[in-house]
Amino acid sequence: MHPPRILLGVNIDHIATLRQARGTRYPDPVQAALLAEEAGADGITVHLREDRRHIQPRDVRLLAEVLNTRMNLEMAVTEEMLALAEEIRPAHVCLVPEKREELTTEGGLDVVGGFDLIADACRRLSAIGCDVSLFIDPEEAQIDAAIRAGAPTIELHTGAYAEAKPGSEAAIAEYERLSAAAIHAVSAGLVVNAGHGLHYHNVEAIAALPGVNELNIGHAIIARALFVGLKDAIQEMKRLIIAGQEAGLMAALDAHEHEHEHGHEHEHNGCCSH
């Protein structure tokens, strides 16, 4: 059976960043979300930060009412955010670490270190029908802790790979970490998403990772939209991630066939030696 097509979640936070820069009512991230859906976004991601630097509670409440796809609400593990999620009941919630001084999320959630708090949040969110995801670094210990915490989904933090110089040893090492993490998580029955720092020049390789279900991308799409419009920016990104997924599937098939042929060769040689 052919695996499902990889999905694109469009993060609209930076539409709200532009609005908040002047304290105006425009550009409206809710309008952007509806345009993104029309362009082919499979879901809309928003991060309601504690300092309200971009997305506002008003945006989240309106999106919950008007979206035709689904909302993926990124949020810190705090009582305020959990209470809001229980009020709004978004389809998806992604728990992320958060520091007020950071420009953007700097690393994955430490599920191992904050296990009890995170497991309790997973229970509360699951009880209201949310699909809970944990945004984590590509480490086996964090993946195993996510499973124990009861999260059905993880989002692999791709920031270290995105920041490494393309083709460098660091980039290769980070890609291998991501690949091993994806394989481990999928084999354990988790849904695997990925995101952070992805753009038009590095996304195909991430889309080729084994078993990745969805990529969440915001800044690069919104930046490209300034020049080509939101619809074209989203459709171009979708073409790239689908091409990346297909390339990954072909590479996996080739590797499987090579392994199968190699195995037959060994069987044949073994037979002749008797």
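Right above here is the structure, for reference.
Quick summary incoming for the structure in this document.

1. Notes on the overall build of the protein
In step 1: Counting its secondary structure elements, the protein contains eleven helices and eight strands.
In step 2: By the compact-globule yardstick of 19 Å for 274 residues, the protein fits well, its C-alpha radius of gyration being 20 Å.
In step 3: Principal-axis analysis of the C-alpha atoms places the extent of the protein at approximately 80 × 45 × 35 Å.
In step 4: Residues counted as buried form 47% of the 274 residues belonging to the protein.
In step 5: The contacts in the protein between residues at least 6 apart in sequence include a share of 67% that link residues at least 24 apart.
In step 6: Counting every atom, the protein has about 13800 Å² of accessible surface; 55% of that belongs to carbon and sulfur.

2. A word on unusual backbone geometry
In step 1: With omega at -10°, the peptide bond leading from tyrosine 26 into proline 27 counts as cis.
In step 2: Mapping proline 27 onto the fold places it in the loop between helix H1 (13-22) and helix H2 (29-39).
In step 3: Of note in this structure, arginine 89 is not a glycine but carries a positive phi near 55°.
In step 4: By the secondary structure assignment, arginine 89 is in the loop between helix H4 (79-88) and strand E4 (92-95).
In step 5: For histidine 196, which is not glycine, the phi dihedral falls at a positive 115°.

3. Quick word on H1
In step 1: Buried residues of H1: Asp13, Ile15, Ala16 and Arg19, and no others. Across the axial projection of H1, the buried residues extend over an arc of 155°, all falling on one side. Seen from the open side of H1, the exposed residues pointing more than 90 degrees away from its buried face are Leu18, Ala21 and Arg22.
In step 2: Here the buried face of H1 lies against strand E1 (7-11), H2, strand E2 (43-47), helix H3 (57-66) and helix H10 (219-228).

4. What to know about the pairing of strand E5 (residues 131-136)
In step 1: Burial within E5 is extensive, with five of its six residues counted as buried.
In step 2: Where E4 and E5 come together, four bridges link them in parallel fashion. Bridged to histidine 92 within E5 is aspartate 131.
In step 3: Inspection of the sheet shows E5 paired to strand E6 (residues 153-157) by four bridges, in the parallel sense. Looking across to E6, one finds that phenylalanine 135 is bridged to glutamate 155.

5. Description of the sheet that holds E6
In step 1: A barrel is described by the order of its strands in space; here eight strands give the closed sequence E1-E2-E3-E4-E5-E6-E7-E8, paired in parallel fashion. Along the sheet, successive strands turn relative to each other by an average axial angle of 25°, direction set aside.

6. As for the pairing of strand E7 (residues 191-195)
In step 1: With four of five residues buried, E7 is to be regarded as a mostly interior element.
In step 2: Relative to E7, E6 is paired through five bridges, and the arrangement is parallel. Looking across to E7, one finds that histidine 157 is bridged to glycine 195.
In step 3: Note: E7 against strand E8 (residues 212-217), four bridges, orientation parallel.

7. Side note on the layout of surface pockets
In step 1: Of the pockets and cavities examined, the second largest pocket occupies roughly 280 Å³.
In step 2: Forming the walls of the second largest pocket are 15 residues, and the residues nearest its centre are Pro210, Gly211, Val212, Gln245 and Leu249.
In step 3: Of all the elements in the fold, those that place two or more residues in the lining of the second largest pocket are E8 and helix H11 (230-272).
In step 4: The dominant element in the lining of the second largest pocket, judged by the number of residues it contributes, is H11, at five residues.
In step 5: The residue makeup of the lining of the second largest pocket, split by class, is ten nonpolar, four polar and one charged.

8. Looking at the environment of arginine 5
In step 1: By the element assignment, arginine 5 lies in the segment before E1.
In step 2: Classification of arginine 5 by relative accessible area gives partly exposed; the value is 40%.
In step 3: Separated by 3.2 Å, the side chains of arginine 5 and aspartate 42 make a polar contact.

9. Examining the pattern of salt bridges
In step 1: Inspection of every chain in the model, using the stated rule, returns 15 salt bridges.
In step 2: With a closest N to O distance of 2.7 Å, arginine 58 and aspartate 59 form a salt bridge.
In step 3: Its relative accessible area of 39% is what places arginine 58 among the partly exposed residues.
In step 4: Salt bridges linked by common partners bring Arg19, Asp28, Arg58 and Asp59 together as one network.

10. Remarks on the nonpolar core
In step 1: One finds Leu95, Leu125, Leu134, Leu215 and Ile221 to be the most contacted residues of the largest nonpolar core, which totals 78 residues.
In step 2: Residues within four places of leucine 125 in sequence aside, it is in contact with Met75, Leu82, Ala85, Val93, Leu95, Cys130 and Val132.

Rules used in this analysis
Residues numbered from 1 in each chain as written. Predicted model: local features only at pLDDT ≥ 70, side-chain atom pairs only at ≥ 80, totals over all residues. Heavy atoms only, no water. Helix = DSSP H or I, 4+ residues; strand = E, 2+ residues; numbered from the N terminus. Rg over C-alpha atoms; globule rule 2.2 N^0.38 Å. Buried < 20%, exposed > 50% of the residue type's maximum accessible area, 1.4 Å probe, protein only. Contact = heavy atoms within 4.5 Å. Areas by Shrake-Rupley, 256 points an atom, 1.4 Å probe, with all protein chains shown as cover. Arc of directions from axis to C-beta. Pairing = 2+ DSSP bridges. Axes fitted to C-alpha atoms, helices over the stretch in contact; angles between N-to-C directions. 1 Å grid on protein atoms, 1.4 Å probe; cavity = no way out; pocket = protein on both sides within 12 Å on 5 of 7 lines; lining within 4 Å. Points joined across faces, edges and corners; volume = space filled by probe spheres on them. Nonpolar A, V, L, I, M, F, W, Y, C, P; charged D, E, K, R; others polar. Polar contact = N/O pair within 3.5 Å; in protein donor to acceptor, adjacent residues only side chain to side chain. Salt bridge = Lys/Arg side-chain N within 4 Å of Asp/Glu carboxyl O. Core = buried A, V, L, I, M, F, W, Y, C linked by side-chain atoms within 4.5 Å.

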